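# Inside the fold
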Amino acid sequence: MSGITLINQVKASKFLSGVLQPVANAFVNASGYRKLGLRYDDVLREETDIIREAVNRLPDNEGYERVYRMKVAFQYSLSHTIATKENAIKPEEDIRYLTPVIDEVAVEFAEKEDFNNIKSYSK
């Protein structure tokens with residue numbers, strides 16, 4: 001993914017990580033996706049070509065699990081309930097399974113764009 005990131009500076013500083021970690025945890029809890037049985041990468045919008053391609057490159061079992069989690073979350077949403085504590089995603093289970101693939105695809109797309117924009121000069 002592109003953009004400016006300060007994650008390394010925050011992780012290196014005890015003060016910054018001590019201040020920002022509770023805020024980040026509160027934000028994740030307020031978002032509520034874990035209460036519906038979803039992981040972080042499940043809520044990424046598939047509107048860009050990069051994310052669509054990354055989802056297509058997932059192994060079959062991971063893709064099936066992703067679809068199942070989304071269907072279960074949709075069912076919770078329709079019934080206006082949330083998952084029980086046993087079914088809710090715990091922080092240690094909320095792993096980034098799609099983000100590394102997205103980064104890979106983004107690099108490939110940028111490389112392809114650079115290659116397509118090469119200007120040739122003849123003498």
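Residues numbered from 1 in each chain as written. Predicted model: local features only at pLDDT ≥ 70, side-chain atom pairs only at ≥ 80, totals over all residues. Heavy atoms only, no water.

## Regarding the nonpolar core
Selection rule: Among buried residues, those of type Ala, Val, Leu, Ile, Met, Phe, Trp, Tyr and Cys that are joined through side-chain atoms within 4.5 Å constitute a nonpolar core. Think of it in three bands: residues with accessible area under 20% of the maximum for their type are buried, residues over 50% are exposed, and the middle band is partly exposed, with areas taken using a 1.4 Å probe on protein chains only. Helix numbers and strand numbers start at the N terminus; a helix is a DSSP run of H or I with at least 4 residues, a strand a run of E with at least 2. Contact between two residues is taken to exist if any of their heavy atoms lie within 4.5 Å; hydrogens are not considered.
Grouped together as the largest cluster of nonpolar side chains are 10 residues: Leu44, Ile51, Ala54, Val55, Leu58, Tyr97, Leu98, Val101, Ile102 and Val105. At the level of elements, α3 (49-56) and α5 (99-116) are the ones that each hand at least two residues to this core. The contacts of valine 55, once residues within four sequence positions are left out, are Glu46, Arg66 and Leu98.

## Some thoughts on helix α4 (residues 60-78)
Here is the rule: To estimate the expected span of a helix, subtract one from its residue number and multiply by 1.5 Å. Working definition: the arc comes from the directions between the helix axis and the C-beta atoms, pointing outward to the latter.
Over its 19 residues, α4 extends 27 Å from the first C-alpha to the last, a length consistent with the 27 Å expected when each residue adds 1.5 Å. Where α4 is concerned, the buried positions are Glu62, Gly63, Arg66, Arg69, Ala73 and Tyr76. Seen from one end, α4 has its buried residues packed into an arc of 145°, which puts them on one side. Opposite its buried face, α4 presents the exposed residues Asp60, Tyr64, Tyr68, Lys71, Phe74 and Leu78, each directed more than 90 degrees away. Contacts from the buried residues of α4 go to α3. The first or second residue beyond α4 is histidine 80, which carries a positive phi of 55°.

## Observations regarding the pattern of salt bridges
Put simply, the rule reads: Each salt bridge in this description consists of a side-chain nitrogen of Lys or Arg and a carboxyl oxygen of Asp or Glu lying within 4 Å of one another.
A full pass over the atoms with the stated rule returns 11 salt bridges. Residue arginine 66 pairs with glutamate 46 through a salt bridge whose shortest N-O separation is 2.8 Å. With arginine 66 in helix α4 and glutamate 46 in the loop between α2 (14-31) and α3, this residue pair connects regions lying 20 residues apart in the sequence. The partly exposed category is assigned to glutamate 46, whose relative accessible area is 35%. For arginine 57, the salt bridge goes to glutamate 108, with nearest N and O atoms at 2.6 Å. With a gap of 51 residues between them, arginine 57 in the loop between α3 and α4 and glutamate 108 in helix α5 connect regions that are remote in the sequence. Of the residues examined, arginine 57 reaches a relative accessible area of 35% and is grouped as partly exposed. Shared partners join several salt bridges into a network, and the residues in it are Arg39, Asp42, Glu46, Glu62, Arg66 and Arg69.

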